[in-house]
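Listed here are the chains, written in short residue letters.
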Amino acid sequence: MLSVAAAFAFPPDNEAEATKILTNNGMVLEGTVAKIPSMVNRPTAAQGPVGSGSIVVVDDDLRRTYIGHINIREVREGDAGDSLEKINIPQRFAINNGRPITSMGPIISTSKWDGFGRRMLKMRGPGNDTTNIVQGITTLTPLWTQVQALPSAGPKLVLDQRIATSSISAADLHKILSTVIDQNNPDHRLKLVRFFLQAERFNDAQTELEAIVRQFPEFQGLERELDTLRQMRARRGLDELKLRRDSGQHQLSRWLLKNFPHQDIADETLFQVREILKDYEEIDRRIELINQQLPVLLAELDDDRLRSDLAPVVDEIAAELNVNTLDRMASFRRLHDDAELSPSEKLALGISGWLLGSDATDKTAIPTDNAAVAASLVRVRSFITAYLNADNQNDRAAILAAIRAEEGGLPRYAAQLIKNMKPPLPPGEKDASISGLYHLQVPGLQGQSDVAYYVQVPPEYDPHRRYPVVVTLHGAGTDALKQIDWWAGGAAEAGGRLGQGTRHGYIVIAPQWGEPGQKQYGYSAREHAAVLDTLRDAGRRFSIDTDRVFLSGHSMGGDAAWDIGISHPDLWAGVIPIVAQADAAAFNYISRYWQNAKYVPFYFVNGELDGSKMVVNGPQWDRYLPRVGFDCTVVEYLGRGHESFQDEIQRLFEWMGKHRRNFHPDEFECTAMRSWDNYFWWLELSQLPANQVTNPQDWPPPRGTRAMEVAAVVRTAPNGDGNIYVKSSAGVVTVWLSPGLVNFDKRVRVRVGSRSYDAAAPDVGVILEDVRTRGDRIHPFWAKMELNGR
């Protein structure tokens, strides 16, 4: 029998590790590292030491991740030796000799794992035939699981796949492990503890180790190791608590805090728990104090009309002031006991702070101590809501006139009011059976049917808080609701969802963008409109952080996400095409738009055996990966085909958490070829030259047709004056201006071709109409210039 110390030891801090790579976008990749010159002729595996080439591949035995060498910030060398615990699962007659499967069709279904680690996989083969493969788990590691084909009726097929061990349910994993772990063998049991520890399943590791200590007297000396596990588990609980807090789930966070274990937990961890509790208690105290003070100040107003105008907002604050909105009251909290301010001035600070927020970049739009102006802001906000809901142009004109007549109707006030108001339109039809699920529709293009879409909001959704968003596109033969399930988790018995989108506090939007029976993406105006109009409509109804909107899709939907993402790079914080392929045989837009990928991050997920996708996509990735300024990641799962790749979802959320859109680039150079691909950040083009536009219905393009190029640069002089230069062959160029792009207090010149113009002044009408049509309440444009482009 081994000694306690020799039989059981936690991995030391200096344990040999695989090489770690820190990328420029903040991701950490770990595994065997090699360099390759091209994705077109890439090797089948990353072998040996770093070679030559501008593309780096990191192989962690589950997947290969490809990034550009130029996007590596730091390399931490290590021994890529075999340090993971491996548990072999005996499978009689696992097929190693036979006909290898070199290409896999779409997965139709997979059965549940049985107690021996076996399942049935059904996939679609050539000619739409169904192929059944019996699979068995042969190796389990904390990171990856090896799954091989087992004998069945028909030819011997060799299939060696890797799946993420985290994708196996806890119940199934325990069931499988119980068949190979000898409960009376302490070495087996300790191996299982190490397995759970490396998988960061600290609860399982602690439970197993406690059972070992009880069963085997010779292991009574492992109390220190048990304490280490308790601390790991507590720190993991604290991390989860912080994640829920940061994603806006404060009720759950408070519950977790109150029920946090205290016995035998390190003081450092408990100190952090107490500090978070104190923060919440302080928030509660401040909210209570504000709600006590405002009614008193309102009662002290001498002006009956002002009191009548401001009373509803005091009631609104009492109902809606919370952890998400408390920062708006910063000026009021700082000055509420200032003896030099009158009750009217203090109340005005509270009301205007609530309406305008505390994040105004324009100092003249900060909260005011003028009660009359505060009352005007209240009226203007009501007018803005009415304007954004009005369908009739004459009604909007009348409302706009009323806004212009108000002291609070200046552009600087209107922009802040819009930024801090709740969505102007109601959220729509709510599903009765699933918490937070909405079913809506938007009008299709002229002559086309309406587009249905679903929105899943996270738990504790608050319209005053801005949420990151995933817009997800279904593949052929599936639907929008399945995309909601993929990102937010399937509906639980209680009617909620327990997936990663829920944990991280994302809104998930899924349009039913494909037509019935559609098998391929068509690169059409109808498809673009179905996606973009859905996003705009959702932005009017839900509180969306427009700088954190990610576009994704599976299969045919992945093709669409790639094309729509690269065609409209100004809209997305990132694009995630899953099992996508660049360009149908009939079209060639993605390859002609390749330089647009410089301005939007891409994260591709693919299977090694998914037909020829890796080869077909290779030329595009060879353009993205090696170039400066392109943020591109390509993931290839070993032995896998055309699947949904739920295995990757945790890394996807990590990647999304590191990306935000740059809404005000001061320089860009993009390509367009379709008539509707005519909007880039703050530049809109119309009257496009015929020899530079070919829509899908007119494909292939006539000889001599080339894609249109548009370039724009913003330069700021030392004195603050601005100059904007636009190069385009469009007949009309519309330049949209906002404070994030130029300083309206300085002279700004706009040059298009050989003509130069003074910039237009801010206009509240431009702000309102821009918000009404684009739905972006965070970044409204303040001025519009429609200029001759030739």
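Use the structure listed above.
Residues numbered from 1 in each chain as written. Predicted model: local features only at pLDDT ≥ 70, side-chain atom pairs only at ≥ 80, totals over all residues. Heavy atoms only, no water.

1. Some details on the layout of surface pockets
- Counted as a void, the second largest pocket has a volume near 590 Å³.
- Lining the second largest pocket we find 25 residues, and of these Leu-532, Arg-536, Leu-571, Tyr-679 and Arg-774 sit closest to its centre.
- Of all the secondary structure elements, the ones that give two or more residues to the lining of the second largest pocket are helix H16 (525-541), strand E19 (544-554) and helix H21 (764-774).
- Tallying contributions element by element places H16 first for the lining of the second largest pocket, with 7 residues. (1 Å grid on protein atoms, 1.4 Å probe; cavity = no way out; pocket = protein on both sides within 12 Å on 5 of 7 lines; lining within 4 Å. Points joined across faces, edges and corners; volume = space filled by probe spheres on them. Helix = DSSP H or I, 4+ residues; strand = E, 2+ residues; numbered from the N terminus.)

2. A closer look at the sheet that holds strand E27 (residues 722-727)
- Strand order in the open sheet formed by 5 strands is E23-E26-E27-E29-E30, with mixed pairing between adjacent strands. The open sheet has two free edges, formed respectively by strand E23 (667-672) and strand E30 (755-758), since each of these has just one partner strand. On average, each strand axis in the sheet is tilted by 15° relative to the strand beside it, whichever way the strands run.
- Note: E27 against strand E29 (residues 748-752), 5 bridges, orientation parallel. Residue pairing for E29: Gly-722 is matched across the bridge by Val-748. (Pairing = 2+ DSSP bridges. Axes fitted to C-alpha atoms, helices over the stretch in contact; angles between N-to-C directions.)

3. With respect to the environment of Leu-741
- Turning to its location among the elements, Leu-741 is positioned in the loop between strand E28 (732-737) and E29.
- Residues Leu-741 and Phe-781 lie 40 residues apart in sequence; the distance between their C-alpha atoms is 9.7 Å.

4. Things to note about the sheet that holds strand E24 (residues 679-680)
- One open sheet holds the 4 strands; their spatial order is E24-E25-E28-E31, and the pairing between them is antiparallel. The outermost strands of the open sheet, each flanked by one partner alone, are E24 and strand E31 (783-788).
- Across 2 bridges, E24 lies against strand E25 (residues 683-686) in antiparallel orientation. Residue pairing across strands places Tyr-679 opposite Glu-684, the latter belonging to E25.

5. Things to note about empty space enclosed by the protein
- Taken as a whole and assessed by the stated rule, the structure comprises 2 cavities of 30 Å³ or more.
- Taken as a whole, the largest cavity holds about 50 Å³ of empty space.
- Forming the boundary of the largest cavity are Leu-388, Pro-424, Gly-539, Arg-540, Val-771, Arg-772, Gly-775 and Arg-777.
- Sorting the residues of the lining of the largest cavity by element identifies H16 and H21 as the ones contributing at least two each.
- Residues of the lining of the largest cavity, tallied by class, amount to 3 nonpolar, 2 polar and 3 charged.
- Taken as a whole, the second largest cavity encloses approximately 30 Å³ of empty space.
- As for the second largest cavity, its lining consists of Gly-539, Ile-544, Thr-546, Gly-775, Arg-777 and Ile-778.
- Looking at side-chain class alone, the lining of the second largest cavity contains 2 nonpolar, 3 polar and 1 charged residues. (Nonpolar A, V, L, I, M, F, W, Y, C, P; charged D, E, K, R; others polar.)

6. Some remarks on the pairing of strand E20 (residues 574-578)
- Taken across its 5 residues, E20 has 5 buried, putting it largely inside the fold.
- Covered by surrounding structure in E20 are Gly-574, Ile-576 and Ile-578 together with Val-575 and Pro-577, the residues of both alternating faces.
- Where E19 lies against E20, 5 bridges are found, and the strand directions are parallel. Across the sheet, the residue bridging to Phe-550 is Gly-574, located in E20.
- Between the parallel elements E19 and E20, the chain passes through helix H17 (residues 556-567) in a crossover that is right-handed.
- Sheet topology note: the E20/strand E21 (residues 602-607) ladder contains 2 bridges and is parallel. (Buried < 20%, exposed > 50% of the residue type's maximum accessible area, 1.4 Å probe, protein only. Right-handed = clockwise from strand over helix to strand, strands pointing away.)

7. Examining the side chain of Arg-661
- Among the structural elements, Arg-661 can be located in the loop between helix H20 (649-656) and E23.
- Residue class for Arg-661 comes out buried when judged on its relative accessible area of 10%.
- From its side chain, Arg-661 meets the backbone oxygen of Thr-546 in a polar contact 3.2 Å long. (Polar contact = N/O pair within 3.5 Å; in protein donor to acceptor, adjacent residues only side chain to side chain.)

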